[in-house]
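Okay, here's what each chain looks like letter by letter:
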Amino acid sequence: MRKGIGFDSALTAIAPAVWGSTYLVATELLPPGRPLLASAVRALPAGLVLVAVGRTLPRGAWWWRALVLGTLNIGAFFYLLFVAAYHLPGGVAALVVATQPMLVLGLSAVLLKSEVRPVQVGACALGAAGVAMLVLTPRAGVDLIGVLSGLGGAACMASGIVLTKRWGRPDGVNLLTFTGWQLAVGGLLLLPMTLLVEGLPQDVSAENLAGFAYLSLIGALLAYALWFRGIERLPAVAVSFLGFASPLAAAALGYAVLGQELSPLQLLGALAVIASVVLAQPRQAPAPQPPEPASRPSAPTR
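Below, the structure is looked at part by part. (Residues numbered from 1 in each chain as written. Predicted model: local features only at pLDDT ≥ 70, side-chain atom pairs only at ≥ 80, totals over all residues. Heavy atoms only, no water.)

### Let's talk about helix 3 (residues 35-54)
Taking 1.5 Å as the rise per residue, helix 3 with 20 residues should run 28 Å; its terminal C-alpha atoms sit 29 Å apart, in good agreement. Downstream of helix 3 by a residue or two, Arg-55 has a phi angle that is positive, lying close to 50°. (Helix = DSSP H or I, 4+ residues; strand = E, 2+ residues; numbered from the N terminus. Expected span 1.5 Å × (residues − 1).)

What follows is the structure, encoded as structure tokens:
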């Protein structure tokens, strides 16, 4: 039985919250300086396992649709995100990617014919301001390649959300198989770039294996299944705002695990981000009231 919009929003928010732990896992468990390898290992094994278990391949138009969605949601998005991370401080990169809800708002109006409401525009501005307060530092610099890459990554993710909403899921294909198609496509696109740019590490420790397993099983298989489920059940704009859970989770983990301090301005930014997410979520429709019983005709008077 469906448990309502609030439950769907909370379940979908788990995905970006898990993605917010990627920085911690990468710095503490993975080989240093290999972001493309981390991306490929995060996507490809989980995708191939899901496709093998589902034993269903795309048919007809879904061949090119799966290629487009896998490129936008996984392959190109991961690559551009890591280029931005290399060229920009983490705070600036997060702020650039935070433009994604604004892009989803515009694309939804064009492709999904969704109404743009003033509260959504206000939530976009509030969320971006909150991310800025949460992650920016006085030493944050700007690099043109990094900014363009971050904007490209935000555009990829926004387009992926809206197209996934527009095309839906093919009949007879379950959610995990649908997720597997996209992870496999994205991983196969990232694999040759990984081998050409970074190569494979000579030594892999038990900690490295644990980190790769977490990224693949939790960060990809579980998180993306929840994410695509959310896209099916929630408005595209509402889903895009849930992505703000990623910088929130990253900041919280940095405070709890790495001992990083949070200033009053950062705490205010976190509250602003949470408020923007709440504002953008759809309201639960009121339960229909049962019809009133028809009144009995009064007995004729004599």
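The structure having been displayed, the exposition proceeds.
### Section: the packing of aromatic side chains
All told, the structure shown has eleven aromatic pairs when counted by the stated rule. Relative to Trp-181, the ring of Trp-62 has its centre 6.4 Å away and its plane inclined at 50°; by these criteria the two rings are tilted. In this pair, Trp-62 is assigned in helix 4 (residues 62-87) and Trp-181 in helix 9 (residues 175-197), connecting sequence segments 119 residues apart. Residue classification places Trp-181 among the buried residues on the basis of a relative accessible area of 5%. Taking the centre distance of 5.7 Å and the plane angle of 35° together, the rings of Tyr-224 and Phe-228 count as tilted. Within this pair, Tyr-224 and its partner Phe-228 are both found in helix 10 (residues 206-233), separated by four residues, close to a single helical turn. This pair shows no difference in class: Tyr-224 is buried, exactly as Phe-228 is. The structure contains a cluster of three or more aromatic residues connected by ring pairs, namely Trp-19, Trp-62, Phe-77, Phe-78, Phe-178, Trp-181, Tyr-224, Trp-227 and Phe-228. A cation over a ring is seen here: Arg-65 above Trp-62, with NZ or CZ 5.3 Å from the ring centre. (Phe/Tyr/Trp six-rings, centres within 6.5 Å; stacked < 30°, edge-to-face > 60°. Buried < 20%, exposed > 50% of the residue type's maximum accessible area, 1.4 Å probe, protein only. Lys NZ or Arg CZ within 6 Å of the ring centre and 35° of its normal.)

### Quick look at the layout of surface pockets
The calculated volume of the second largest pocket comes to roughly 180 Å³. As for the second largest pocket, its lining consists of 17 residues, and the residues nearest its centre are Ser-114, Glu-115, Gln-120, Pro-235 and Val-237. Listed by contribution, the elements that provide at least two residues to the lining of the second largest pocket are helix 6 (100-111) and helix 11 (236-242). Looking at the lining of the second largest pocket residue by residue, the class counts come to ten nonpolar, four polar and three charged. (1 Å grid on protein atoms, 1.4 Å probe; cavity = no way out; pocket = protein on both sides within 12 Å on 5 of 7 lines; lining within 4 Å. Points joined across faces, edges and corners; volume = space filled by probe spheres on them. Nonpolar A, V, L, I, M, F, W, Y, C, P; charged D, E, K, R; others polar.)

### As for the nonpolar core
Among the nonpolar cores identified, the biggest contains 58 residues, and Leu-183, Tyr-224 and Trp-227 are the most heavily contacted of them. Leaving out residues up to four positions away in the same chain, Leu-183 has contacts with Ala-43, Leu-44, Ala-46, Gly-47, Leu-50, Ile-74, Ala-220, Leu-221 and Tyr-224. (Core = buried A, V, L, I, M, F, W, Y, C linked by side-chain atoms within 4.5 Å. Contact = heavy atoms within 4.5 Å.)

### Here's the deal with the environment of Asp-203
Relative to the assigned elements, Asp-203 resides in the loop between helix 9 and helix 10. Overall, Asp-203 belongs to the exposed group, its relative accessible area being 65%. Along the chain, Asp-203 and Pro-31 lie 172 residues apart, while their C-alpha atoms are 8.9 Å from each other.

### Observations concerning the pattern of salt bridges
Following the criterion strictly, the structure yields three salt bridges and no others. Ionic pairing is found between Arg-229 and Asp-8, a salt bridge with its closest N-O pair at 3.1 Å. With Arg-229 in helix 10 and Asp-8 in helix 1 (residues 5-19), the pair connects residues that are 221 residues apart, well separated along the chain. By relative accessible area, which is 13% here, Arg-229 ends up buried. Ionic pairing is found between Asp-8 and Arg-233, a salt bridge with its closest N-O pair at 4.0 Å. Taken together, the positions of Asp-8 in helix 1 and Arg-233 in helix 10 put the pair 225 residues apart, joining distant regions of the chain. Looking at Arg-233, the relative accessible area reads 38%, which means it is partly exposed. (Salt bridge = Lys/Arg side-chain N within 4 Å of Asp/Glu carboxyl O.)

### Looking at the packing of helix 8 (residues 144-167) against helix 10
In contact at an axis separation of 9 Å, helix 8 and helix 10 are set at 55° when each is read in the N-to-C sense. When the axis of helix 8 is compared with that of helix 10, the two are oblique. The way helix 8 lies across helix 10 gives a crossing that is right-handed. Contact residues: helix 8 offers Met-157, Ile-161, Thr-164 and Lys-165, while helix 10 offers Trp-227, Phe-228, Ile-231, Glu-232 and Arg-233. By residue class, the composition of the contact of helix 8 with helix 10 is five nonpolar, one polar and three charged. (Axes fitted to C-alpha atoms, helices over the stretch in contact; angles between N-to-C directions. Parallel < 35°, antiparallel > 145°, perpendicular 65-115°, else oblique. Left-handed = near helix turned anticlockwise from the far one by under 90°.)

Shape is all these values report; function is a separate question.
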